[in-house]
Amino acid sequence: MEALIPVINKLQDVFNTVGADIIQLPQIVVVGTQSSGKSSVLESLVGKDILPRGTGIVTRRPLILQLVHIDPEDRRRTSEENGIDGEEWGKFLHTKNKIYTDFNEIMQEIETETERITGNNKGISDEPIHLKIFSPHVVNLTLVDLPGITKVPVGDQPKDIEIQIRELIFKYISNPNSIILAVTAANTDMATSEALKVAREVDMDGRRTLAVVTKLDLMDAGTDAMDVLMGRVIPVKLGIIGVVNRSQLDINKKKLVTDALRDEHSFLQKKYPSLANRNGNKYLARTLNRLLMHHIRDCLPELKTRINVLAAQYQSLLNSYGEPVDDKSATLLQLITKFAAEYCRTIEGTAKYIETAELCGGARICYIFHETFGRTLESVDPLGGLTTIDVLTAIRNATGPRPALFVPEVSFELLVKRQVKRLEEPSLRCVELVHEEMQRIIQHCSNYSTQELLRFPKLHDAIVEVVTSLLRKRLPVTNDMVHNLVAIELAYINTKHPDFADACGLMNNNMEEQRRNRMRDLPAAVPRDKSIKGPGGPSLPPSEPPAFEGEVTKAASSGSQSSSGEQTESGTGSWRGMLRRGEDGNAVDRTHNHVPSSPHKGHAINLLDVPVPVSRKLSAREQRDCEVIERLIKSYFLIVRKNIQDSVPKAVMHFLVNHVKDCLQSELVGQLYKTSLLDDLLTESEDMAQRRSEAADMLKALQKASQVIAEIRETHMW
């Protein structure tokens, strides 16, 4: 199991090369207040002076410290290969392959690198320094030294220095694969420990927190840390270990770490004899090594799964970015062909990426035809905008100066054309909706289907422009065809249409039935066979003049020479009768009202001054004529609407949809497949090459990490 820590160090190195922190690797994070002795604990673990020392905030950047234990044989072989003179050495990530055998140089490099990022003030940075120490005197560990927790800004420190440090600490200890090393000075109350407080915020059950009590030798006289070390004050699951660090005087006198460790052992034997074998820096190093190994063993299966998942994701991402273009001509033709094929498949409903949130492509066009357009036509009232007075006026206008015996056919044609014309607007709107949907399909193909186009924004824009232009060219042609479909219906009113003839026959039967009913209901004083006879033929009932085509034909054949003499005498249908009625009416008025009449009345009437009534009760004949025309209009309108509802979608499909499908690829090739445009169209977006490179590096790192983990045998884990 000792081999597990070097494996994690290898993984750390692998991911450091790509500068990414996407994998949360197991490591030990050192947390404590400022000047609590964190750096001294680390130096005791290393056995060398490597960290800058002083008062105030000294650690201002995270230091990721990897301790690598090497055997004498390995040390000798590595020394020969790299020309190293010494048994211990260090390497920084930022200095690449430079090897430091003088640990004072390592300390100086840490100070220099810290000031390079954070400056000379007392500010902090979250950019870590990576240091690897190779030595036969260390155990395999990976530790992170963080800035100490402070409360009050000092000097030119930022006002929010406390918040910055807390956020930096939480960034590392929130990693569930990390072990928290909470450092607290023995000469402070354990209950006020900031390190334990922040550790408990992310590790409530204490499974990954180990407490270290420093400065045991600086406690007040008469006091000891026995209760604290035994866990009676604040229990910590992973344990509490007490250590004795070098004082500032010892550091100034260049006291060696090995001498300090020997003095620490003597102090513990003297002061805490029963706990001496479970405290001290050497015991701390062994404990950390053991904890880290077990922690890595527990995290390894999840880590392996995470690496494999990420590798698959980055492989997919890299595939979406595509390979660098070698043959531009072939690439352009391939992209154009793929887009055209995907566009056609989207219309046909066989696209690879089917939209689930809303209707798209051919399905939406079908919806427009049969739902939107169909319902709109069905909602058009056959008699909409047509009042009974309008119908009556049209009938009168169609007769000219002569009173009409029969309903004029011209009025029917005039009115039915007016109603059929109303179908043109929804038909043109249908064309517009289909055009808009075909425009939307372009964006759908770009976003979901042909992701390669996103690599080449200029090519994408050019394709959109060509397809839009093609659609724009077909729109007037399709609109003209729809105009013509309506114009065709208006050009010839086919009253011999089978459906229309059936409707007329049914209407004749209904009208005849109504006439019989009315004749049956006449009062007994009026003879039912009373008629107006003419000198030349049969009679016509004065109350039932012919009203529609069937009756007109019968009346014309049976007595075209029928006289209207009795009508003239009775005063119906002649200007004399109108005058006579006027005189009679005036006489009645005079009789009832005893008002002197005007000298002009009864002698001369100015008909132009008589106002035409806007609304009045229609006579039986007028009402019957209007009903006949309205029924005929409705019947014929329904026939035309059915034709339009069937022919407009067919015209749109032929002139717009199918034409674009058939001509799209040839149009794209003709407009874009030109040698002069190749370089310009296949220019990648600025950040695409960089993102491809980053994804390739990350994929390589993940694959290498997967290989590193795969080298671990089950026997290494126990």
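Residues numbered from 1 in each chain as written. Predicted model: local features only at pLDDT ≥ 70, side-chain atom pairs only at ≥ 80, totals over all residues. Heavy atoms only, no water.

### Focus: the environment of Phe-412
With respect to the helices and strands, Phe-412 occurs in helix α14 (residues 409-420). If we skip the residues at most four places from it in the chain, Phe-412 touches Ile-493, Thr-495, Phe-500, Ile-629, Leu-632, Ile-633 and Tyr-636. (Helix = DSSP H or I, 4+ residues; strand = E, 2+ residues; numbered from the N terminus. Contact = heavy atoms within 4.5 Å.)

### Regarding the side chain of Ser-193
Looking at where Ser-193 falls in the secondary structure, it is placed in the loop between β7 (178-185) and α6 (194-202). Reaching out from Ser-193, the side chain makes a polar contact with the backbone nitrogen of Ala-195 at a distance of 3.5 Å. (Polar contact = N/O pair within 3.5 Å; in protein donor to acceptor, adjacent residues only side chain to side chain.)

### Side note on the nonpolar core
Counting residues in each nonpolar core, the largest one holds 69 residues, and the members touching the most others are Tyr-343, Met-438, Leu-459 and Leu-668. The element best represented in this core is helix α21 (residues 620-672), accounting for 19 residues. Among residues more than four places away in sequence, those in contact with Leu-668 are Ile-336, Phe-339, Ala-340, Ile-463, Val-466, Val-467 and Tyr-673. Residues Ile-23, Leu-67, Leu-300 and Leu-318 belong to the second largest nonpolar core, which totals 59 residues. (Core = buried A, V, L, I, M, F, W, Y, C linked by side-chain atoms within 4.5 Å. Buried < 20%, exposed > 50% of the residue type's maximum accessible area, 1.4 Å probe, protein only.)

### Comments concerning the packing of helix α11 (residues 328-348) against α21
Between α11 and α21, the least distance of the axes is 10 Å, while the angle of their chain directions is 170°. Between α11 and α21, the interaxial angle falls into the category roughly antiparallel. Residue-level contacts link Leu-332, Leu-333, Ile-336, Thr-337, Phe-339, Ala-340, Tyr-343, Cys-344, Ile-347 and Glu-348 of α11 to Val-657, Val-660, Lys-661, Leu-664, Gln-665, Leu-668, Val-669 and Leu-672 of α21. Among the residues making up the contact of α11 with α21, the classes are represented as 14 nonpolar, two polar and two charged. (Axes fitted to C-alpha atoms, helices over the stretch in contact; angles between N-to-C directions. Parallel < 35°, antiparallel > 145°, perpendicular 65-115°, else oblique. Nonpolar A, V, L, I, M, F, W, Y, C, P; charged D, E, K, R; others polar.)

### Regarding the pattern of salt bridges
Going through the model one piece at a time under the given rule, you end up with 23 salt bridges. One salt bridge in this structure joins Glu-43 and Arg-246, with 3.0 Å as the shortest N-O distance. Remark: Arg-246 occurs in the loop between β9 (240-242) and α8 (248-252) and Glu-43 occurs in helix α2 (residues 38-46); sequence separation between them is 203 residues. For the pair Glu-43 and Arg-246, one class covers both residues: buried. (Salt bridge = Lys/Arg side-chain N within 4 Å of Asp/Glu carboxyl O.)

### Focus: the pairing of β7
Within β7, eight of the eight residues are buried, which leaves the element mostly enclosed by the surrounding structure. Side-chain alternation along β7 places Ser-178, Ile-180, Ala-182 and Thr-184 on one buried face and Ile-179, Leu-181, Val-183 and Ala-185 on a second face that is also buried. Looking at chain direction, strand β1 (residues 27-32) and β7 are connected through six bridges and run parallel. Across the sheet, Gly-32 pairs through a bridge with Val-183, a residue of β7. (Pairing = 2+ DSSP bridges.)

### Side note on helix α4 (residues 103-118)
With 16 residues, α4 should cover 22 Å at 1.5 Å per step; its first-to-last C-alpha distance of 23 Å lies within 8% of that length. Those residues of α4 hidden inside the fold are in contact with β2 (63-69), β3 (89-92), β4 (99-100) and β5 (129-135). Between the side-chain oxygen at the start of α4 and the backbone nitrogen of Asn-104 there is a gap of 3.0 Å, and the oxygen is on Asp-102. (Expected span 1.5 Å × (residues − 1).)

### Regarding the environment of Phe-369
Within the fold, Phe-369 resides in helix α12 (residues 362-378). Put simply, Phe-369 and Val-648 are 279 residues apart on the chain and 8.6 Å apart in space, counted from C-alpha to C-alpha.

### What to know about the packing of aromatic side chains
For any pair of aromatic rings, the description rests on two quantities: the centre-to-centre distance and the angle between the ring planes. Summed over the entire model, instances satisfying the criterion amount to five aromatic pairs. On the numbers, 5.4 Å between centres and 90° between planes, the contact of Phe-92 with Tyr-100 is edge-to-face. Centroid distance Phe-412 to Tyr-636: 6.3 Å. Interplanar angle 85°. Geometry classified as edge-to-face. Within this pair, whereas Phe-412 is found in helix α14, its partner Tyr-636 is found in helix α21, the two being separated by 224 residues in sequence. Classification of Phe-412 by relative accessible area gives buried; the value is 4%. (Phe/Tyr/Trp six-rings, centres within 6.5 Å; stacked < 30°, edge-to-face > 60°.)

### As for the environment of Phe-134
Tracing the chain through its elements places Phe-134 in strand β5. Owing to a relative accessible area of 16%, Phe-134 belongs among the buried residues under this scheme. In this structure Phe-134 touches Val-68, Ile-70, Glu-87, Glu-88, Trp-89 and Lys-91, once residues within four positions along its chain are discounted.

### Section: the sheet that holds β2
Taken in spatial order, the nine strands make up an open sheet running β4-β3-β5-β2-β6-β1-β7-β8-β9, and their pairing is mixed. For this open sheet the edge positions go to β4 and β9, each flanked by a neighbour on one side alone. Sheet topology places β3 next to β5; four bridges connect them, and they run antiparallel. Pairing of Trp-89 across the sheet is with Phe-134, part of β5. Helix-sheet contacts for α6 involve β1, β7 and β8 (209-214), and the interaxial angle to β7 is about 155°.

### Notes on unusual backbone geometry
A positive phi angle is found at Ser-35, which is not glycine, with a value near 65°. Locating Ser-35 in the fold gives a position in the loop between β1 and α2. One non-glycine residue, Lys-215, adopts positive backbone phi at about 60°. In this fold, Lys-215 is placed in the loop between β8 and α7 (226-229).

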